[in-house]
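This is what each chain is made of:
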Amino acid sequence: METAVILGDVTYSDANTPKLDDISPRYGSELGGTTVTLTGSNLLGSADATVLFDDRECIVESNTDTEIVCVTSDKPWVGDEPRVSINIEGLGNVATQGLVYRYVSLYSDTETWGGDIPPIEGESIHIPKGMHLLIDIDESPKLNAIIVEGSLIFAPHDDPTHLRTFDAHYIMVMGGYMEVGTEEFPYTSKCRITMHSDRFDPYLPIYGNKVIGVRFGNLEMHGVARPVVWTRLAETAEAGAQSITLIEEVDWVVGEEIVIAGTGWYNDDHETRIITAVDGNTFSFEEPLAFLHLSVAPVYDGVEIPMRAEVGLLTRNVVYRGDPIVSPADLYGAHIMIHSPGDESSVGRIEYVELKDVGQAFKLGRYPLHYHMIGTVHKSYVRGNSIH
């Protein structure tokens with residue numbers, strides 16, 4: 001006969017719980033030797049700490065009440081998910097709050113490819129579960145398909161003007177993870193992903209071609225946040241004008257592309273221009289406007305009704321696009337499809353990204369960005385993007 005033991009009251013103290021708040025860097029070479037700093041609270045620097053990344057010890061070099069510094073061991077490939085475990089002697093395990101460290105394989109490293117050269121144009125890549133491929137090259141060949149069951153991570157450059165380009169026909173995230181920045185750590189340099197194919201190339205079932213497809217996986221695309229991406233004219237811009245004035249301050253700069261909405265009777269009165277000079281809220285461009293763009297606020301029965309042309313910023317530092325030749329000529333651009341059987345087992349968080357030459361005309365369900373039968377959405381979002 002089993003005997004029940006009734007214990008006394010258990011009190012949980014959040015203030016006394018050891019917690020992990022940050023891991024820096026978030027990833028490092030699978031060969032080991034990366035110095036990692038873990039910051040948190042109540043880490044009890046006077047006690048011994050044991051840190052494990054994917055069950056591989058990270059050798060502790062120093063620890064205080066708020067910081068542990070360790071050096072990673074190497075990690076042979078194992079088909080598992082990334083995980084972090086920290087134990088403080090006398091306190092127990094640290095609450096890691098979902099933070100992970102990824103052992104990555106560098107695209108540029110021949111070790112990643114078994115001592116051979118990296119993939120060449122037309123070849124495909126399979127990233128198995130447990131492998132995290134870090135794109136650290138400036139320019140990729142035009143690849144065929146990338147099947148992601150592990151992780152595909154694009155690393156930002158220290159130089160914010162640096163451009164990293166990646167070309168492929170298909171990227172399929174199957175139970176894996178694709179990252180071009182995260183909400184907390186947005187991509188801070190420039191990245192351009194270009195998708196290729198035409199309407200006669202082979203289709204992936206459900207997803208088609210020229211696509212980033214997500215099935216039971218996660219897609220994270222986060223460019224640098226822009227405080228204002230859509231505003232209005234402060235005064236009417238006449239046809240022939242080479243500048244416009246906005247109703248509010250924005251952070252738009254020379255070289256960026258804007259769109260000025262039409263205010264006429266036709267849907268093609270909108271115009272795009274490249275900013276050539278900035279003076280306060282006034283933005284100049286080289287090509288004169290072809291159409292009148294109104295900014296008026298008539299009063300009817302004492303009620304002001306503002307009617308001002310909208311102005312949007314198209315430029316973002318992260319660009320996802322269809323190839324610039326076939327896409328506009330055939331109205332057959334790139335697209336993103338995030339699909340699940342209604343249980344939100346696929347997640348797509350996309351913000352401050354420029355989607356250019358996207359969408360496939362006359363094809364059902366080939367929108368620029370498509371959450372297909374995903375169910376009630378709690379984990380995904382789309383914000384601050386431009387689509388053109």
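Use the structure listed above.
A quick note: this is a predicted structure, and the numbers were derived from the prediction, not measured.

A. Highlighting the environment of Ile 374. Relative to the helices and strands, Ile 374 is located in the loop between β33 (369-372) and β34 (381-383). You can call Ile 374 buried: its relative accessible area is 4%. The spatial distance from the C-alpha of Ile 374 to the C-alpha of Ile 258 is 33 Å, given a sequence separation of 116 residues. With near-sequence residues (within four places) excluded, Ile 374 lies in contact with Ile 338, Ser 340, Gly 342, Asp 343, Glu 344, Ser 346 and Ser 380.

B. Region of interest: empty space enclosed by the protein. Enumeration over the complete set of coordinates arrives at two cavities of 30 Å³ or more. In this model, the largest cavity occupies a volume close to 60 Å³. For the lining of the largest cavity, the residue count by class is five nonpolar, three polar and two charged. Estimates place the volume of the second largest cavity at around 40 Å³. Ser 29, Glu 30, Leu 31, Val 104, Ser 105, Leu 106, Asp 109, Glu 111 and Thr 112 are the residues that line the second largest cavity. For the lining of the second largest cavity, the leading source of residues is strand β9 (residues 102-106), giving three residues. For the lining of the second largest cavity, the residue count by class is three nonpolar, three polar and three charged.

C. Main features of unusual backbone geometry. Here the bond from Ser 24 into Pro 25 is cis, since omega is -5°, no more than 30 degrees from zero. Within the element layout of this structure, Pro 25 appears in the loop between β1 (19-24) and β2 (27-29). Even without being glycine, Tyr 352 reaches a positive phi, approximately 55°. Residue position: Tyr 352 is located in the loop between β31 (347-351) and β32 (353-356). Look at Tyr 352 and you get buried, because its relative accessible area is 18%.

D. Broad picture of the layout of surface pockets. By volume, the largest pocket is sized at about 650 Å³. Lining the largest pocket are 30 residues; nearest its centre among them are Gly 98, Val 100, Arg 102, Tyr 177 and Thr 182. Taken as a whole, the second largest pocket encloses approximately 500 Å³ of empty space. Elements supplying a minimum of two residues to the lining of the second largest pocket: β16 (190-195), β29 (318-322) and β32. Here the element with the most residues in the lining of the second largest pocket is β16; it accounts for three residues. Among the residues forming the lining of the second largest pocket, the class breakdown is eight nonpolar, five polar and ten charged.

E. Broad picture of the pattern of salt bridges. The full count for this structure, using the stated rule, is 16 salt bridges. The shortest N-O distance in the salt bridge between Asp 55 and Arg 83 comes to 2.5 Å. Of this pair, Asp 55 sits in the loop between β4 (49-53) and β5 (56-63) while Arg 83 sits in the loop between β6 (67-72) and β7 (84-88), placing them 28 residues apart in sequence. Take Asp 55: its relative accessible area is 53%, and that puts it in the exposed class. Overlapping salt bridges bring together Asp 54, Asp 55, Lys 75, Asp 80 and Arg 83 as one network.

Scoring rules and cut-offs
- Residue positions within a chain follow its written sequence, with the count starting from 1.
- Confidence filtering applies because this is a predicted model: local features only for residues at pLDDT of at least 70, side-chain atom pairs given and counted only at 80 or more, and all residues used for totals across whole chains, interfaces and linings.
- Only heavy atoms go into the side-chain values, all of them from the structure, while hydrogens and water stay out.
- Numbering goes from the N terminus for both helices and strands, where a helix is a DSSP run of H or I of at least four residues and a strand is a run of E of at least two.
- Here the term buried applies to any residue with accessible area under 20% of the maximum for its type, exposed to any over 50%, and partly exposed to those in between, with areas from a 1.4 Å probe on protein chains only.
- Whether two residues are in contact is decided by their heavy atoms, any of which lying within 4.5 Å being enough.
- A 1.4 Å probe that fits into a set of points on a 1 Å grid over the protein atoms alone but cannot get out defines a cavity; an open set with protein on both sides within 12 Å along at least five of seven lines defines a pocket, and lining residues are those with an atom within 4 Å of a point.
- Grid points are joined across faces, edges and corners, and a volume is the space filled by probe spheres set on the points.
- Classes in brief: Ala, Val, Leu, Ile, Met, Phe, Trp, Tyr, Cys and Pro nonpolar; Asp, Glu, Lys and Arg charged; the others, Gly included, polar.
- What makes a salt bridge here is a side-chain nitrogen of Lys or Arg within 4 Å of a carboxyl oxygen of Asp or Glu, nothing more.

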